[in-house]
Amino acid sequence: MSIVGSGYVGTTIAACFADVGHDVVNVDIDEGIVASLNDGRPPIHEPGLEELVAEHAGERLRATTDYAAVRDTDVTFLALPTPAEEDGHIDLSVMKAGARSLGAALGEIDGSHVVVTKSTVVPTTTEETIAPIVAEESGMTVGEDLHVGMNPEFLREGSAVADFLDPDKVVLGAGTDRARESLRSTFDPLVEGADDPPVIETGIAEAEMIKYANNGFLAAKISLANDIANICKEYDIDSEAVLSAIGLDHRIGSAFLGAGVGWGGSCFPKDVAAIIAAARDVGYEPAMLEAAVEVNDRQPVRLLERLREYVDPAGARVAVLGLAFKPGTDDIRNSRAIPLVEALSAAGSEIVGYDPVATDNFRARYPDIDYADSAAAALDGADAALVVTDWPEFADLDGEFDGMSTPVVVDGRRIVTRREGIVYESLV
Ligand SMILES: NC(=O)c1ccc[n+]([C@@H]2O[C@H](COP(=O)([O-])OP(=O)(O)OC[C@H]3O[C@@H](n4cnc5c(N)ncnc54)[C@H](O)[C@@H]3O)[C@@H](O)[C@H]2O)c1
Ligand SMILES: O=c1ccn([C@@H]2O[C@H](COP(=O)(O)OP(=O)(O)O[C@H]3O[C@H](CO)[C@@H](O)[C@H](O)[C@H]3O)[C@@H](O)[C@H]2O)c(=O)[nH]1
């Protein structure tokens, strides 16, 4: 099989498919990524990935910048980025470029080929945008020698390998029997090896929509937890006690009820925005998803309001603890630290950021703020601390607060342990 795109998803699934016995070729335009994979080193950090790539590179797993490699395979997965445009709409430019290159390469084969969208794309994209481009460039005919499928991916950054090898479900969207058979045989060894996950065989647009429904629901679940937690805060009720109690109802479930400064990352913000924009295009105003975004946007604002109750940010030295969008990753895309740092800068604060692993990425985007190489160093001399990411090490902070100029701690993730000697305020 071939996999076009070797980022978080492409590399992870390539290594895992190789591990369950498939011959895999990764096609990426980035020569550095290709060289790294062929050297047996993954281009991204994910637990377990290094071992898999080291084991299979040069044997069942290889990488190339040359799309011609797809001709020796019978199925190609497209794992290319699908970012959001300024107005929220999905940006399909990379997908289209990949589809053109794939089609041009396929033009020279005699038999048939199956093209599967792995990327997150709004409903109808695979059949109405991707397939026609591949068909036009290759001269193939959809449903005859060109077969199309959609296989959404649910892995999380930080646990990508484990999530892919042991999924809650596998969704196989197919346009023809040939595409369905190909998807089945691709996933057979994985499904057999894992804990027998349910396999949902469905249409292509349904598969595309399942991905947005999944992410939209999870993002909205967090926002609803935040809405409830905000009410609790106004009543001085312990929101954790409330949310953990409702999570025990099996119809609600305890996952993704973590209230705080909100959701970020490379997926939730862009995917919720894209499905809202797509829904509006077809004449539907998705009020719940819009509210989920509104609540999410408000959480950092509320965190700063809490801060202002104790400290005037103008001229204050504020430590921002946690720059990654979630613990366990150096990814800062749509991190909640971004709106906070921008608002603090606008208010005239002197900002010092700390993160166990994401500092370099944050510095590349915000070179003008200070950075510390430990939480203790960030807190030293600070007038206030904002806790933005729930890194486990922040739960252990204690004597480090003694170095603060004024010990005001505003906790956006309810992770810091309250102690004598600090003014502790939680967001929720
Ligand atoms: N990151 C996640 O946790 C995650 C999880 C599930 C689904 N998704 C979805 O999967 C898709 C891919 O996301 P990602 O995070 O792996 O992206 P990424 O940005 O990490 O990787 C994309 C790769 O594509 C390569 N590329 C760009 N243009 C190319 C071209 N024309 N031909 C070949 N290669 C090209 C880039 O060099 C890069 O290596 C997106 O639609 C995303 O929404 C991501
Ligand atoms: O109870 C919670 C859980 C998460 N978050 C925040 O939500 C965001 C997303 O977290 P998570 O879902 O763990 O990370 P991602 O790696 O972005 O994974 C999501 O996005 C991927 C890309 O689409 C999907 O494949 C995954 O299933 C989906 O969980 C982060 O900012 C978290 O801090 C909370 O605020 N409260």
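Residues numbered from 1 in each chain as written. Chains lettered and ligands numbered in written order. Predicted model: local features only at pLDDT ≥ 70, side-chain atom pairs only at ≥ 80, totals over all residues. Heavy atoms only, no water.

> What's the story with the site of ligand 1 in this structure? I'm lost.
Around ligand 1, 26 residues are found, and the nearest of them are V9, D28, Y67, T82 and K270. Contact between ligand 1 and D28: an oxygen atom at 2.7 Å from a side-chain N or O atom of the residue. At 3.3 Å, a side-chain N or O of E157 approaches a nitrogen atom of ligand 1. Across the complex, the protein chains shield 87% of the 840 Å² of accessible surface that ligand 1 would expose by itself. When grouped by side-chain class, the residues that make up the shell around ligand 1 number 13 nonpolar, 7 polar and 6 charged. (Near = heavy atom within 4 Å. Polar contact = N/O pair within 3.5 Å; in protein donor to acceptor, adjacent residues only side chain to side chain. Areas by Shrake-Rupley, 256 points an atom, 1.4 Å probe, with all protein chains shown as cover. Nonpolar A, V, L, I, M, F, W, Y, C, P; charged D, E, K, R; others polar.)

> Just to check I follow, could you spell out the site of ligand 2 for this structure?
Inspection of the region around ligand 2 gives 20 residues, with F154, L155, K211, G258 and C267 positioned closest. At a separation of 2.7 Å, an oxygen atom of ligand 2 approaches a polar backbone atom of F154. Here an oxygen atom of ligand 2 and a backbone polar atom of G262 are 3.5 Å apart. In the complex, the protein chains occlude 89% of the 710 Å² of accessible area that ligand 2 would expose alone. Mapped onto the shell around ligand 2, the elements with two or more residues apiece are α8 (204-235) and α10 (268-281). The element that contributes the greatest number of residues to the shell around ligand 2 is α8, accounting for 3 residues. Residues of the shell around ligand 2, tallied by class, amount to 9 nonpolar, 4 polar and 7 charged. (Helix = DSSP H or I, 4+ residues; strand = E, 2+ residues; numbered from the N terminus.)

> It is not clear to me how the UniProt feature "domain: UDP-glucose/GDP-mannose dehydrogenase C-terminal" (unreviewed entry) in the chain should be interpreted in this structure. Could you clarify?
UniProt tags residues 319-418 as "domain: UDP-glucose/GDP-mannose dehydrogenase C-terminal" (unreviewed entry). Within residues 319-418, the helical portion is 23% and the strand portion 18%, while the C-alpha atoms at the span's ends are 17 Å from each other. (UniProt positions renumbered as here; feature names shortened; annotations may be inferred.)

> What's the story with a negative patch on the surface in this structure? I'm lost.
Together, E85, E86, D87 and D281 line one region of the surface with negative charge. Within the secondary structure, D281 sits in helix α10. (Patch = residues over 30% accessible without salt bridge, like charges linked within 9 Å, V, L, I, M, F, W, Y side chains within 5 Å. Salt bridge = Lys/Arg side-chain N within 4 Å of Asp/Glu carboxyl O. Lys, Arg positive; Asp, Glu negative; His and termini not counted. Charge placed at Lys NZ, Arg CZ, Asp CG, Glu CD.)

> Explain the UniProt feature "active site" (unreviewed entry) in the chain to me, please; I cannot follow it from the model alone.
UniProt feature "active site" (unreviewed entry): in the numbering of this structure it lies at C267. Secondary-structure assignment places C267 in the loop between α9 (239-247) and α10. Judged by relative accessible area, C267 falls into the partly exposed class, the value being 33%. (Buried < 20%, exposed > 50% of the residue type's maximum accessible area, 1.4 Å probe, protein only.)

> What is the right way to look at the domain arrangement of the chain in this model?
One frequent convention defines the size of an interface as the accessible area lost when the parts assemble. Domain assignment breaks the chain into domain 1 (2-202) and domain 2 (203-428). Between the C-alpha centres of domain 1 and domain 2 there is a distance of 32 Å. Taken together, the 31 residues of domain 1 in the interface contact 27 residues of domain 2. Here domain 1 and domain 2 share an interface that buries about 2,100 Å² over both sides, 61% of which is from carbon and sulfur atoms. (Domains from an automatic or database assignment. Contact = heavy atoms within 4.5 Å. Buried area = accessible area lost by both parts, 1.4 Å probe.)

> Please clarify how helix α5 (residues 125-138) should be interpreted in this entry.
In an α-helix, one turn spans 3.6 residues; hence positions three or four apart end up facing the same way. In this model α5 runs 18 Å from its N-terminal to its C-terminal C-alpha over 14 residues, within 8% of the 20 Å that 1.5 Å per residue would give. Of all the bends in α5, the greatest reaches close to 30° and is centred on A131; the proline P132 follows between one and four positions later. (Expected span 1.5 Å × (residues − 1). Bend = angle between axes of the 7 residues up to and from the residue.)

> What is the right way to look at the packing of α5 against α8 in this model?
Helix packing for two helices is described by the angle between their axes and how far apart those axes are. Viewed as axis vectors pointing N to C, α5 and α8 meet at an angle of 110°, and their least axial separation amounts to 9 Å. The orientation of α5 relative to α8 falls into the category roughly perpendicular. In this structure, α5 contributes T125, T126 and E127 to the contact, and α8 contributes I204, A205 and E208. Its residues assigned to classes, the contact of α5 with α8 comprises 2 nonpolar, 2 polar and 2 charged. (Axes fitted to C-alpha atoms, helices over the stretch in contact; angles between N-to-C directions. Parallel < 35°, antiparallel > 145°, perpendicular 65-115°, else oblique.)

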